[in-house]
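# Chain and residue survey
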Amino acid sequence: MIQILFFFFAALAVGAAINVLVQKHVMYSALSLILMLTAVSVLFILLKADFLAVIQVIVYAGAIMVLFVFVIMLLNLPEDEDGADRLRWLKFVGIPLGLFFLVLVVTTLWNVEGSAGTQQQIVGSPAAIGQSLFTDFLLPFEVTSLLILIALMGAVVFAKKDL
Amino acid sequence: MIEYLTSSEFVVLMIKILVIFGGVMGALAYLSWLERKMMARVQMRPGPTRVGPFGLLQPIADGLKFLFKEDVIPTHSNKFLFIAAPVVSLVPALLSFSVIPFGPSLQITDLSVGLLFIFAITSLGVYGIALGGWASNSKYPLMGAIRSSAQMISYELSLTLSVVGVLMIANTLSLGELVAAQQNTWLGIIPRWNIFLQPVAFVVYLISAVAETNRLPFDLAESEQELVAGWHTEYSSMKFAMFMLAEYANIVTVSALATIMFFGGWTGPMFGPELLRMALPTVWFLLKVSIFIFFYVLMRATVPRIRYDQLMRFGWKVLLPISLANIVVTSFIVAIS
């Protein structure tokens, strides 16, 4: 049962991700991205990481993508806008870079031990995530929050010419 | 898998789903009757009286009318998204009922992250409004959709943050455990409800919930005087009905959440024979929820709409700081006690 669900939602996620790139209209791309994020959150649920799944939907599908859609609505871009000419050189950088990341992912997966099944329930709970954030990963956590704060202030400075 | 499908566990689950889904759909239909009747009373009118006693059959007549009306799709609209938008707004609104505890055992599933699940699901509902307004390809719906998405992002923040104080006290994200933690009483008379511990959070929650559901005085997304009907101006027939159902479903959800988090959910005095004891929690829960629904309808009938810039300023400069301050104070008290 879980395997059927996994393959269905994994295929959905991959299909939606491809659709993001293939679609000509930017609104359909954004909607496919939302579908992809939701499908990935289902994969998190299948891994018993409920908290992560819900946070994925709240933060990405529910907040960030709403802003994307909001901006697309405001700009009201014409259909089939072709900006590909300006970005032709990106192809020569993009393909090697993609291959590099693929190698990275495959080597990482190769080295992972396949016996984490018993620990997943404990790792995925909100309490466990909170514990590890405030003990083992305190420094990265705080540094990230500082980074977000700086980005926020930067956005305010850009938006307002005179404060 | 076949074993599971024939087990009693599965049958009980299916019965629960049928009871809750049927009950909710019926309640949503009669919410429209209740709203029309109450609005009419406030405005010294009789309201619907023709169909059945007290107009009680009005929702059925409305439903039939919706089904037989012509379904207009504007020529220059984006057809696919235009049809998908009502579905996108209705499905999340109904999904959130899957984790709400209507009674000690009348709950479809008690997720360990139930509360966050509801917030995640309802945050997807905004796409229905945004896409409906955008796909209509017409200026009033677009304006309504833009207003609504900005408003919902802003008020979702204070809505979510107002809950954090309650979570720190209850120490759980599961709705079932949240209710269980509020059983019993202080000094034998005062019920152990979170409203007495988190009054500020409750006020912030109540106000942001009105804004989240796009109701008066925060219904800028469909303000009739400026935008005809906002994002659903171009919708007719059953698609319009689906938008209305989604709106009512969201009202019930936020009322139910307010009951669960601040007013002890299905807890209440227990008495009488065994059979009555089984039904009482659900009765208490529904009573508390309907008080909130009455409050919402009365607010719609009495409070005027506020201006859009006032709405944004109020959300970001008043509600958000208050809910942040509430978190700081609550965490301080939790830490020292």
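Residues numbered from 1 in each chain as written. Chains lettered and ligands numbered in written order. Predicted model: local features only at pLDDT ≥ 70, side-chain atom pairs only at ≥ 80, totals over all residues. Heavy atoms only, no water.

### Side note on helix α13 (residues 308-336) of chain B
All names here are of chain B. Between the first and last C-alpha of α13 there are 41 Å, a value that for 29 residues agrees with the 42 Å anticipated at 1.5 Å per step. The sharpest bend along α13 reaches about 35 degrees and sits at Phe 314. Of all the positions in α13, only Leu 311, Met 312, Gly 315, Leu 319, Leu 320, Ser 323, Asn 326, Ile 327 and Thr 330 are classed as buried. (Helix = DSSP H or I, 4+ residues; strand = E, 2+ residues; numbered from the N terminus. Expected span 1.5 Å × (residues − 1). Bend = angle between axes of the 7 residues up to and from the residue. Buried < 20%, exposed > 50% of the residue type's maximum accessible area, 1.4 Å probe, protein only.)

### Some remarks on the domain arrangement of chain B
Residue and element names in this part refer to chain B. Under the domain assignment, chain B is made up of domain 1 (1-68) and domain 2 (79-336). Each of domain 1 and domain 2 has a C-alpha centre, and the two are 19 Å apart. Counting from both sides, the interface comprises 17 residues of domain 1 and, opposite them, 23 residues of domain 2. Between domain 1 and domain 2 lies a buried interface of about 2,000 Å² when both sides are counted; carbon and sulfur atoms form 84% of it. In terms of surface lost to domain 2, no three residues of domain 1 exceed Ile 20, Glu 35 and Phe 66, which account for 30% of the buried area on that side. Here domain 1 and domain 2 share one salt bridge between them. (Domains from an automatic or database assignment. Contact = heavy atoms within 4.5 Å. Buried area = accessible area lost by both parts, 1.4 Å probe. Salt bridge = Lys/Arg side-chain N within 4 Å of Asp/Glu carboxyl O.)

### Thoughts on the packing of helix α5 (residues 114-124) of chain B against helix α6 (residues 126-135) of chain B
Residues and elements named next belong to chain B. Contact geometry of α5 with α6 gives a least axis separation of 4 Å together with a crossing angle of 5 degrees. Classed by the angle they form, the pair α5 and α6 counts as roughly parallel. Packed against α5, whose contacting residues are Thr 122, Ser 123 and Leu 124, the element α6 presents Val 126, Tyr 127 and Gly 128 at the interface. Grouping the amino acids of the contact of α5 with α6 by side-chain chemistry returns three nonpolar, three polar and no charged. (Axes fitted to C-alpha atoms, helices over the stretch in contact; angles between N-to-C directions. Parallel < 35°, antiparallel > 145°, perpendicular 65-115°, else oblique. Nonpolar A, V, L, I, M, F, W, Y, C, P; charged D, E, K, R; others polar.)

### Here's the deal with the packing of aromatic side chains
Taken as a whole and assessed by the stated rule, the structure comprises 18 aromatic pairs over all chains. Each ring, one from Phe134(A) and one from Phe141(A), has its centre 5.2 Å from the other, and the planes form 70 degrees; the classification is edge-to-face. Judged by its relative accessible area of 29%, Phe141(A) falls in the partly exposed class. Taking the centre distance of 4.9 Å and the plane angle of 85 degrees together, the rings of Tyr235(B) and Phe243(B) count as edge-to-face. Given a relative accessible area of 3%, Phe243(B) falls into the buried group. Through pairs of rings, three or more aromatic residues link up here, namely Trp193(B), Phe202(B), Tyr205(B), Phe262(B), Phe263(B) and Phe292(B). The ring of Tyr140(B) has Lys139(B) lying over it, and the distance from NZ or CZ to the ring centre is 5.9 Å. The aromatic ring of Tyr308(B) is capped on one face by Arg147(B), whose charged end is 5.5 Å from the ring centroid. (Phe/Tyr/Trp six-rings, centres within 6.5 Å; stacked < 30°, edge-to-face > 60°. Lys NZ or Arg CZ within 6 Å of the ring centre and 35° of its normal.)

### A short note on the pattern of salt bridges
Residues and elements named next belong to chain B. Taken as a whole, this structure holds five salt bridges over all chains when the rule is applied. Between Glu 35 and Arg 300 there is a salt bridge, and its shortest N-O distance comes to 2.9 Å. With a gap of 265 residues between them, Glu 35 in helix α2 (residues 8-42) and Arg 300 in helix α12 (residues 274-302) connect regions that are remote in the sequence. Exposure remark for Glu 35: the relative accessible area of 3% places this residue in the buried category.

### Some words on a nonpolar patch on the surface
Residues and elements named next belong to chain B. A contiguous nonpolar patch, built from Tyr 30, Phe 54, Leu 56, Leu 57, Ile 60, Leu 64, Leu 67, Phe 68 and Met 238 and spanning about 920 Å² of accessible area, is present on the exposed surface. With respect to the secondary-structure elements, Phe 68 resides in helix α3 (residues 58-68). Using a relative accessible area of 71% as the deciding quantity, one classes Phe 68 as exposed. (Patch = residues over 30% accessible without salt bridge, like charges linked within 9 Å, V, L, I, M, F, W, Y side chains within 5 Å. Areas by Shrake-Rupley, 256 points an atom, 1.4 Å probe, with all protein chains shown as cover.)

### Some points on the domain arrangement of chain A
When its domains are assigned, chain A resolves into domain 1 (1-77) and domain 2 (125-163). Spacing between the C-alpha centres of domain 1 of chain A and domain 2 of chain A amounts to 24 Å.

### Some points on the interface of chain A and chain B
In this complex, chain A contributes 23 residues to the contact, which on the side of chain B involves 25 residues. Here chain A meets chain B over a buried area of about 2,100 Å², counting both sides, of which 81% is carbon and sulfur. Linking chain A with chain B are zero salt bridges, by the criterion used here. Taken together, chain A and chain B are joined by two residue pairs in polar contact (both at pLDDT 80 or more). If you list the elements that add at least two residues to the side of chain A that touches chain B, you get α2 (26-46) and α3 (50-75) of chain A. (Polar contact = N/O pair within 3.5 Å; in protein donor to acceptor, adjacent residues only side chain to side chain.)

### Looking at empty space enclosed by the protein
All names here are of chain B. One pass over the full model with this rule turns up two cavities of 30 Å³ or more. Counting residues per element, the ones that place at least two in the lining of the largest cavity are α4 (79-95) and α11 (237-262). It is α11 that provides the largest number of residues to the lining of the largest cavity, a total of four residues. Of the residues contributing to the lining of the largest cavity, the split by class is seven nonpolar, six polar and two charged. Taken as a whole, the second largest cavity encloses approximately 120 Å³ of empty space. Lining the second largest cavity, in full, are Ile 118, Phe 119, Thr 122, Met 152, Leu 159, Tyr 205, Glu 212, Thr 213, Asn 250, Thr 253, Val 254 and Leu 257. Broken down by secondary-structure element, the contributors of at least two residues to the lining of the second largest cavity are α5, α7 (139-170), α9 (199-212) and α11. For the lining of the second largest cavity, the leading source of residues is α11, giving four residues. Its residues placed into classes, the lining of the second largest cavity shows seven nonpolar, four polar and one charged. (1 Å grid on protein atoms, 1.4 Å probe; cavity = no way out; pocket = protein on both sides within 12 Å on 5 of 7 lines; lining within 4 Å. Points joined across faces, edges and corners; volume = space filled by probe spheres on them.)

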